[in-house]
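Results of the structural survey
Next come the chains, spelled out residue by residue.
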Amino acid sequence: MSDCLFCKIVAGEIPSAKVFEDEELLAFEDISPAAPVHVLIIPKIHLDSIHEAGEEHKELIGRIHLAAGRIAAERGLAEGGYRIVNNCGADGGQTVPHLHFHLLGGRAMTWPPG
Ligand code: 5GP
Ligand code: ZN
């Protein structure tokens, strides 16, 4: 997806503040943080949204959540708690059509987030 913002971040064509990277995943700071900790965790492969994910992606989706938990612990959020958010599609509030999960923490969350 040459016109995808997050694919360009994966490719290094657009800079990001990297938090974690391995063969399958990239985590980086959200450019417009909604909480003291706001990290985006994405698969390096392009999927438009969680709605595009299938059985073949279940380990990838699981690993994203485990990575979020590790990053949360690194940021000191294990005790106070945190939120992992996936926005899917227009009504879900998704603005970047490359699957991503938000790790939010460092303040008390409201529900629903609005
Ligand atoms: P969504 O609204 O799709 O769930 O989340 C997209 C997120 O990507 C937003 O929180 C937004 O601030 C973030 N974002 C948009 N463009 C960029 C960018 O160029 N770099 C980074 N690091 N984050 C971005
Ligand atoms: Zn993409």
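Residues numbered from 1 in each chain as written. Chains lettered and ligands numbered in written order. Predicted model: local features only at pLDDT ≥ 70, side-chain atom pairs only at ≥ 80, totals over all residues. Heavy atoms only, no water.

Let us now look at the coordination of the zinc ion (ligand 2). Under perfect tetrahedral coordination by four donors, a metal shows angles of 109.5 degrees; under perfect octahedral coordination by six donors, it shows angles of 90 or 180 degrees. In the first shell of the zinc ion (ligand 2), the protein supplies C4 (SG), C7 (SG), H46 (ND1) and H98 (ND1), at 2.1 to 2.3 Å from the metal. Classification of the site at the zinc ion (ligand 2) as tetrahedral follows from its 4 donor atoms and the range of 106 to 117 degrees in their angles at the metal. Each donor residue of the zinc ion (ligand 2) belongs to the same chain, with the gaps between them written as C-x2-C-x38-H-x51-H. Residue C7 is found in helix α1 (residues 5-11), and its partner H46 is found in the loop between β3 (37-43) and α2 (58-74); the two are separated by 39 residues along the sequence. (Donors = N, O, S within 2.8 Å, 3.2 Å for Na, K, Ca; no water. Tetrahedral: all angles 85-135°; square planar, octahedral: opposite > 155°, others 65-115°. Helix = DSSP H or I, 4+ residues; strand = E, 2+ residues; numbered from the N terminus.)

This brings us to the pattern of salt bridges. Evaluation of the coordinates by the stated rule reveals 6 salt bridges. Between K44 and E21 there is a salt bridge, with its nearest N and O atoms 2.8 Å apart. In this pair, K44 sits in the loop between β3 and α2 while E21 sits in strand β1 (residues 18-21), placing the two residues 23 residues apart along the sequence. Given the relative accessible area of 24%, K44 is considered partly exposed. Taking relative accessible area as the criterion, E21 reaches 37% and is therefore assigned partly exposed. Measuring nitrogen to oxygen at the nearest pair gives 2.7 Å for the salt bridge that ties E29 to R75. Placement of the pair is E29 in strand β2 (residues 25-29) and R75 in the loop between α2 and β4 (82-85), with a sequence separation of 46 residues. (Salt bridge = Lys/Arg side-chain N within 4 Å of Asp/Glu carboxyl O. Buried < 20%, exposed > 50% of the residue type's maximum accessible area, 1.4 Å probe, protein only.)

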